[in-house]
Each structure stands twice: as structure tokens, then as C-alpha cells.
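Below are the chains, spelled out letter by letter.
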Amino acid sequence: MTTKKKKKKKTKSAALKTRAPRAAAKTPLPLDEILEGDCIAAMRALPDACVDLVFADPPYNLQLGGDLTRPDNSRVDGVDDAWDRFDSFAAYDAFTREWLAEARRVLKPDGALWVIGSYHNIFRVGTAVQDLGFWILNDIIWNKTNPMPNFRGARFTNAHETLVWAARSKEARYTFNYAALKTANDDLQMRSDWSLPICTGNERLKGAAGRKAHPTQKPEALLYRVLIATTNPGDVALDPFFGSGTTGAVAKLLGRRFIGIERDPDYIAAARARIARVEPAPVEDLAVAPSKRAAPRVPFGAVVERGLLRPGAKLYAPQKKHEARVRADGSIAVRGPDGEVQGSIHKMGALVEKAPACNGWTYWHFEAKTGLKPIDFLREKMRREMGRQAS
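What you are looking at is a predicted structure, and each value in this text was computed from that prediction instead of being measured.

## A word on the pairing of strand 5 (residues 107-117)
On any regular strand, side chains alternate: one points to one face of the sheet, the next to the other face.
Then step 1. Of all 11 residues in strand 5, eight are buried, a share of seventy percent or more.
Then step 2. Of the pairings in the sheet, the one linking strand 4 (residues 51-56) to strand 5 comprises five bridges and is parallel in character. Counted as the bridge partner of Val54 is Leu113 from strand 5.
Then step 3. When strand 5 meets strand 7 (residues 160-167), the two strands line up antiparallel, connected through six bridges. By the bridge assignment, Val115 is partnered in strand 7 with Val164.

Here's what the structure looks like:
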């Protein structure tokens, strides 16, 4: 539900059209800077479609009632700051929709949004994300390996937070470095549950009195994974709730640019000092493992033309369950119930498996000196050669 103004109900599209005037498209971006002030006003000063990613760690609206103490009566340093307090759920929803609308406007068409929250707010945020036209790609569970206990013993320990990852629209061609994540995860697909510790030890920023510089500082490992997964070197990440500067610190390390927005001068001072200490990684070490979708197209016929497989060579299904022969035109022939059938590696794989589709590159194998290998091995060999020729 959108908010009301002067008792006139606005549609979502009308509300977006009547916002404050935007900055000119040629306005230089405040790259690697922290803008002091209200996040909505600061975003309105940015031009349309100017950032590649928005990572938002908004107020959770925790609705804490009184102090929280440990069993030894020591006080828990919880979140009781004014920026986390809202008069009502309606007030929080209106604030959420306003900053999300600005976030969507400043995102490039192929940009993406990340929002983190707890059970206090993430469901309300998720509704607003969908209502404003974003397309949710995943919800990620950050499983805290060292969560704060529930000292009152009245509920389960809050051992996770949720991140919503969304494209700007359903049609957007968003960045996802699938191969890089799989490589980092010992060649296993990266799952949507991430086990990472909360921010502690030397990473936790402290003030002069030894207290936390920021009550909800996020671990750098969390932002590291987000940026590796969904940005490329040189991309611009906007953090409208910059806090202690985790997004900026990791962006600088990984060769990304950042724009931070924060209204608390103490947080800004801590973030600036923190980011100044970061040593960027060498440029030559920032490239991510390439995705197969981005790799040059190599048809199976090109493998035959190059002589990597000769006409008449035999191909095998896993465990040699089925057999095929390579034809000179780049097709393969298999034995069907009505005789020999000829077609592409994909169609013939689907035929013998009686399946609607088949990835012939991984299904069919050839006999190598070390045993059966998928024909995708030959395609990758050609791609590596093409890469060397291009460089």
C-alpha cells in the first residue's frame, strides 16, 4: 500500500513521476566518497541509472522494550539508537518505500539490489521490493556461527539474518559470477545459506572508550561474497546506510568503486579512517573466474573441423550406456528403434535418454588416454586457444 498525501491516493507510477527534480545526467559521481546527510535526499541528488549495485543495511526497527541484561546483570550493548526507532509500522513502511524507490531509480538497467534484515523488518521490506518492480532472485540466509545468546530464554536464539537479492526488473541482465563462486566453494555450487561469523575481534571498530563504534557492524566476509558474486572490478556500489563503512572497505580492497551515505558524523569519521587503512588488491589479481555463458561460442562442428574428433570417432554416454558415431558435418549418429538416427549432440542425447532436453557437451564422452572424458573438455581447449589468440 502506498502512502497518502493530502487525502489523495497515488498509484505507484504516479508517486514515482512526481518526485523532486533529478540531478543532470552529466553530474560527476561522488565516487569513493561518503555523503553526509539523509539517504533519501542524497540519493535524489544522484543522476538516473548511475550505479551497478545497491547494498542496503537499513534500520531494522527492532522495537526494543527496555534494557537487556545478561544473567550476571551486566547490560547488553544492544541497538537503542534513535535512527532505529519509528513511530509505527506505517511510518517504517513509508520510509522503506521512499528509499527503495530512489535506489531503483539510480540503479542501471542491469543493476541489482541487496537488502539485509532480521525478522523485525525483512518481510515488510520484501513486500516493498516486489511492489516497486524489483525482481527477487534469491533470499540468502546468513547463518551466524557465533550468534549472541537469547539471555532471557524466552525465544530461540536469533542465529541468522536474511538478505534479499533482487534485479531491477524481471527482464534485467544482472551480474552473477557463478563460476567464480563455484570455484571458491571447492567446485560446488554456492548455496543460499552462508555460514559466517558476526563481526568480532580486530575487525570490530572501537571508539575511544573501548565501546563499539557502531552497534550493527557487518563482517567484511559478508560483503566480500556479495561483491565478488554480483559485481565486477570497476563497478560502482552504493550503500545508503553506510554506517562503519564495511561496503566501502571491501569495495576498495576488491577494485570496486563506492558511494556511501551516512548522517552520523561519528560513524563517518570511523568509516573514513577504516577505509584509509585498506590496501587495494593488485589489479592483476581481481579478475573473477569467467562464466561459461560469457565464453566464446564453439559449435560441435568446429571441434570436428579442427580434427580434435575425426569422422567415425565413437562417443559414449556415461558408463557407456549408449554409443554414437561422429559424422563429418558435426552431427552424431545413434542407433534408434527404427534404425540409425542422425542429429546434434543435444538432440541425440535427449533421444537416447528419452528426455525433453540434454546438454550434449557434458553427456557425451570420448575415449582419452586417461579414460572417458566429456567432449566439453575439447570445447574448453578451443576456448583457451581463442583467448590466447585474442590477447
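Still to come is the rest of the account.
## Some thoughts on the environment of Gly243
Then step 1. Within the secondary structure, Gly243 is located in the loop between strand 9 (236-239) and helix 7 (246-253).
Then step 2. Residues Gly243 and Gln217, 26 residues apart in the sequence, show an inter-C-alpha distance of 7.4 Å.
Then step 3. Contacts of Gly243, omitting those with residues within four sequence positions, involve His214, Glu262, Tyr267 and Ala271.

## What to know about the packing of helix 7 against helix 8 (residues 265-276)
Then step 1. Where helix 7 contacts helix 8, the axes come no closer than 9 Å and their chain directions differ by 15 degrees. What the angle tells us is that helix 7 and helix 8 run roughly parallel. Here helix 7 runs over helix 8; the crossing is right-handed. Along the contact surface, helix 7 presents Thr246, Gly248, Ala249 and Lys252, while helix 8 presents Arg274, Ile275 and Ala276.

## Describing the side chain of Lys144
Then step 1. Here Lys144 lies in strand 6 (residues 135-144).
Then step 2. A polar contact is formed between the side chain of Lys144 and the side chain of Glu161, at a distance of 2.7 Å.
Then step 3. Ignoring any residue separated from it by four or fewer positions in sequence, one finds Lys144 in contact with Asn158, Ala159, His160, Glu161, Leu196 and Ile198.

Reading the values: rules and limits
Residues numbered from 1 in each chain as written. Predicted model: local features only at pLDDT ≥ 70, side-chain atom pairs only at ≥ 80, totals over all residues. Heavy atoms only, no water. Buried < 20%, exposed > 50% of the residue type's maximum accessible area, 1.4 Å probe, protein only. Helix = DSSP H or I, 4+ residues; strand = E, 2+ residues; numbered from the N terminus. Pairing = 2+ DSSP bridges. Contact = heavy atoms within 4.5 Å. Axes fitted to C-alpha atoms, helices over the stretch in contact; angles between N-to-C directions. Parallel < 35°, antiparallel > 145°, perpendicular 65-115°, else oblique. Left-handed = near helix turned anticlockwise from the far one by under 90°. Polar contact = N/O pair within 3.5 Å; in protein donor to acceptor, adjacent residues only side chain to side chain.

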